[in-house]
Amino acid sequence: MNYKKLEQTWRWYGPIDPVSLQDVKQAGATGIVSALHHIPHGEIWPLEDIRERKAIIEAAGLTWSVVESVPVHESIKTRRADAEHYLENYRTSLRNLSKCGIKTVCYNFMPVLDWTRTQLDLEMTDGSKALYFNWIDLAIFDLHILKRENAEADYNDSILQRANEKFAKLNEKELADLRVNVLMGIPNEKEIELETLRASIKEYAAIGTQGLKENLKYFLSSIADVCTEEGIKMTIHPDDPPYPILGLPRIASTLEDFEYIINEVNKPFNGVCFCTGSLGAGMKNDALKIFNAVKERVYFAHLRNVTKDEDGSFYEADHLGGDVNMYEIMKALSEENAKRDTSIPFRPDHGHQMLDDLAKETNPGYSAIGRLRGLAELRGLEVGVTGNY
Ligand code: DNO
């Protein structure tokens, strides 16, 4: 096979990121994944702001390869009366990005919350720290902090019992930390308030899973012409974790979900951000099988790993450890990449907080050294898999 190299990218939160562009270069990435986090969700991304960010990235000798994310406003996901206004704004933001030559966009369609974890500093045996999702802690949040009606019905007896036992021993600080961790969003973006979450849960209960699927279809159909004209590729990020939590519907979690998404709006612009960590957290998900089903539409990849326990709780493992067989994924991704005109960008998604970063202020999952390790391992794996030195 005539292999070519994947594009090595790195998520950068912009000038406020404690990791500098020079750090990124030293890690060996060439592409940047970035977003305008200072623009409130739903507002138009102005041309000047896009140009400014692009100039900063290029001045460092790097390329702005992917936007992650142009957030989809809640009014679109729930298709409220003002959805059309936000769709028009979204199309304008896409046109502005295209004018600057940025053509790959990541987004998600998760209700209210982006990724969810219950702990951000689970200590590994080597002393590094990882992000953690634990069902018992989620149940404590749900029952005792959020106090959601009928929440008990969503947990099995064993989880409920352990949650109640653990709750009885938690102090105020531990409870406050749990609340912050679950509600935490993207660095420098607005945090979700408990009251907003409660109201959203009600709103989404009325919409349901099928309703949310229809709303995604509506969103994709509404941006299809702009994306096709401008040559923009949209990539939907899987739900993280890939199952319903807190009574909220999920629609981008399984093989069937992705087949639905692609088949319902079957046009080349409608693509997938293949995230091994998010998909790998699903007990029934086979990441390789999902990749093979959607590979022609994979325009961006997040490579990371998870280790699950029998409850389905998981921690973020080393990139080449955990439940996802990264060797198989890298092989399949490299084979798909060989067929493309332009390389598929991937980024080492998350990393452990380790070495000097343990003493630094870092964005959860996005410290420098853990990702540097991840990228180095993945880059080596790619050379090993392809023989393309
Ligand atoms: C977490 C990320 C997500 C992702 C968005 C994409 O670390 O993978 O926040 O960027 O869900 O829209």
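Numbering of residues starts from 1 in each chain and follows the order in which that chain's sequence is written. Local features in this predicted model are restricted to residues of pLDDT 70 or higher, and side-chain atom pairs are both shown and tallied only at a pLDDT of 80 or more, whereas totals for entire chains, interfaces and linings draw on every residue. Excluded from the side-chain calculation are hydrogens and water; included are all heavy atoms of the structure.

The next subject is the overall build of the chain. Helix and strand content of the chain: 13 helices and twelve strands. For a compact globule of 389 residues, the expected C-alpha radius of gyration is about 21 Å, and the chain comes in at 20 Å, within 12% of that figure. Dimensions along the principal axes, computed over C-alpha positions, put the chain at roughly 55 × 50 × 40 Å. Within the chain, the proportion of its 389 residues that are buried is 58%. Every residue pair with non-hydrogen atoms within 4.5 Å of one another is taken to be in contact. Excluding contacts between residues fewer than 6 apart, the proportion of contacts in the chain whose partners are at least 24 apart in sequence is 72%. Carbon and sulfur atoms make up 49% of the accessible area of the chain, which amounts to about 16,400 Å² in all. Separation between the mean location of the 45 positive side-chain charges and that of the 60 negative ones in the chain comes to 4 Å. Where helices and strands are cited, they refer to DSSP runs of H or I of at least four residues and of E of at least two residues respectively, numbered from the N terminus. Using C-alpha atoms as the atom set, the radius of gyration is obtained and then compared with a globule rule of 2.2 Å times the number of residues to the power 0.38. For every residue, the accessible area (1.4 Å probe, protein chains only) is compared with the maximum for its type, and the residue is labelled buried under 20%, exposed over 50%, or partly exposed between those bounds. Reported accessibility uses the Shrake-Rupley method at a 1.4 Å probe radius. Residues are deemed covered only where the shown protein chains occlude them. Charge counting treats Lys and Arg as positive and Asp and Glu as negative, with His and both chain ends excluded. The location of each charge is read from NZ of Lys, CZ of Arg, CG of Asp or CD of Glu.

With that out of the way, let us pick up the sheet that holds strand β5 (residues 119-123). The strand order across the open sheet formed by four strands is β5-β6-β11-β10, and the pairing between neighbours is antiparallel. The open sheet is flanked by β5 and β10 (305-308), the only strands paired with a single partner. Taken pair by pair, the neighbouring strands of this sheet meet at an average axis angle of 40°, ignoring direction. DSSP-based pairing: two strands are paired if at least 2 bridges between them are found. Both β10 and strand β11 (residues 314-317) contribute to a ladder of four bridges, which runs antiparallel. Paired with K308 across the two strands is F314, which belongs to β11. For helices, the axis comes from a line fit to the C-alpha atoms of the stretch in contact; other axes are also lines fit to C-alpha atoms, and the angle between any two N-to-C directions lies between 0 and 180 degrees.

We call a residue near a given molecule or strand whenever any one of its heavy atoms falls within 4 Å of it. Around the ligand, the surrounding shell holds 15 residues, and the nearest of these are E68, S69, D114, H350 and Y366. Within 3.5 Å is the distance limit for a polar contact, defined as a pair of N or O atoms, with the added protein rule that one can donate a hydrogen and the other accept it, and that residues adjacent in sequence qualify only through two side-chain atoms. In the model, an oxygen atom of the ligand is placed 3.1 Å from a nitrogen or oxygen of the R11 side chain. Contact with the protein chains removes 100% of the 330 Å² of surface that the ligand exposes when unbound. Three classes are used: nonpolar for Ala, Val, Leu, Ile, Met, Phe, Trp, Tyr, Cys and Pro, charged for Asp, Glu, Lys and Arg, and polar for all others, with Gly counted as polar. For the shell around the ligand, the class distribution of residues is six nonpolar, five polar and four charged.

This brings us to the packing of aromatic side chains. Here the aromatic set is Phe, Tyr and Trp, taking the six-membered ring for Trp, and pairing holds for ring centres within 6.5 Å; pairs whose planes are under 30 degrees apart are stacked, those over 60 apart are edge-to-face, and all others are tilted. Applying the stated criterion to the full structure yields ten aromatic pairs. Pairwise contacts between aromatic rings join F133, W135, Y155, Y243 and F314 into one cluster. We count a charge as sitting over a ring when the NZ of a lysine or the CZ of an arginine lies within 6 Å of the ring centre and within 35 degrees of the ring normal. Lying across the ring of Y218, R79 places its NZ or CZ 3.4 Å from the centre. The cationic tip of K213 hangs over the ring face of Y260; the distance from NZ or CZ to the ring centre is 4.6 Å.

The next thing to look at is the packing of helix α11 (residues 287-294) against helix α12 (residues 326-338). Between α11 and α12, the shortest axis-to-axis distance is 10 Å and the interhelical angle comes to 10°. Put simply, α11 runs roughly parallel to α12. On α12, the residues that touch A287, L288, F291 and N292 of α11 are E328, I329, A332, L333 and E336. Angles below 35 degrees are treated as roughly parallel, those above 145 as roughly antiparallel, those between 65 and 115 as roughly perpendicular, and all remaining angles as oblique.

Taken in spatial order, the eight strands close into a barrel running β1-β2-β3-β4-β7-β8-β9-β12, and their pairing is parallel. The mean inter-strand angle of the sheet, taken between neighbouring strand axes irrespective of direction, is 30°. Relative to strand β4 (residues 104-107), strand β3 (residues 63-68) runs parallel, the two sharing two bridges. Its bridge partner being in β4, E68 is matched across the sheet by C106. Sitting on the sheet, α12 is in contact with β8 (270-275) and β9 (298-303), with an inclination near 160° to β9.

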